[in-house]
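Residue strings, one per chain:
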Amino acid sequence: MAEVKLTGLYKVTVTEYERGWGQRTDPEDTKLFTTLEEAEAYKARWEEGGTPDYFWRASIEKVA
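Residues numbered from 1 in each chain as written. Predicted model: local features only at pLDDT ≥ 70, side-chain atom pairs only at ≥ 80, totals over all residues. Heavy atoms only, no water.

J.: Any chance you could explain the nonpolar core here in plain terms?
T.: Y10, V12, V14, F33, A39, Y42, W46 and A58 together form the largest nonpolar core, which totals eight residues. Counting only elements with at least two residues in this core, the list comes to β1 (9-18) and α1 (36-47). In contact with A39, not counting residues within four places along its chain, are Y10, V12, F33 and I60. (Core = buried A, V, L, I, M, F, W, Y, C linked by side-chain atoms within 4.5 Å. Buried < 20%, exposed > 50% of the residue type's maximum accessible area, 1.4 Å probe, protein only. Helix = DSSP H or I, 4+ residues; strand = E, 2+ residues; numbered from the N terminus. Contact = heavy atoms within 4.5 Å.)

See below:
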């Protein structure tokens, strides 16, 4: 099996917050991108909208 090196990528992790339930991270919403611009666009899409009781936040991490 060939080795895959995950360097130079940007990992976006999305966390869902709901009042009364707390927070959770869905692995299916976590994505890897080759450029920071793509990662920032994905993050921004998740952080649109929501309510004070139910919203999402995303974080970007560079995979070294």
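J.: Can you walk me through the pattern of salt bridges in this structure?
T.: Oppositely charged side chains may form a pair once their charged atoms are brought near each other. This structure, assessed with the given rule, holds three salt bridges. Notably, a salt bridge pairs R24 with E16, separated by 2.7 Å at the nearest N-O pair. By relative accessible area, which is 13% here, E16 ends up buried. (Salt bridge = Lys/Arg side-chain N within 4 Å of Asp/Glu carboxyl O.)

J.: Would you mind showing me how to read the side chain of T15 here?
T.: Tracing the chain through its elements places T15 in strand β1. Exposure remark for T15: the relative accessible area of 13% places this residue in the buried category. Within the structure, the side chain of T15 is placed 3.4 Å from the side chain of T25, a separation counted as a polar contact. Apart from the residues lying within four places of it in its own chain, the contact partners of T15 are Q23, R24, T25, F55, W56 and R57. (Polar contact = N/O pair within 3.5 Å; in protein donor to acceptor, adjacent residues only side chain to side chain.)

J.: It is not clear to me how the confidence of the model for the chain should be interpreted in this structure. Could you clarify?
T.: Interpretation of this model should avoid reading the predicted coordinates in detail wherever pLDDT is low. In the predicted model, the chain carries a mean pLDDT of 92, and the fraction of residues at 70 or more is 100%. Highest mean pLDDT in the chain belongs to α1 (97); lowest belongs to strand β2 (residues 22-25) (93). (pLDDT = per-residue confidence, 0-100.)

J.: I'm lost on a nonpolar patch on the surface in this one. Help?
T.: On the surface, a cluster of nonpolar side chains totalling about 290 Å² of accessible area is made up of V4, L6 and L32. Locating L32 in the fold gives a position in strand β3 (residues 31-33). In this structure L32 comes out as partly exposed when scored by relative accessible area, which is 45%. (Patch = residues over 30% accessible without salt bridge, like charges linked within 9 Å, V, L, I, M, F, W, Y side chains within 5 Å. Areas by Shrake-Rupley, 256 points an atom, 1.4 Å probe, with all protein chains shown as cover.)

J.: Even after reading the chapter, I still don't get the side chain of E16, so can you show me in this structure?
T.: Considering the arrangement of structural elements, one finds E16 in strand β1. In this structure the side chain of E16 is engaged in a polar contact, spanning 2.3 Å, whose partner is the side chain of Y54. Among residues more than four places away in sequence, those in contact with E16 are G22, Q23, R24, Y54, F55 and W56.

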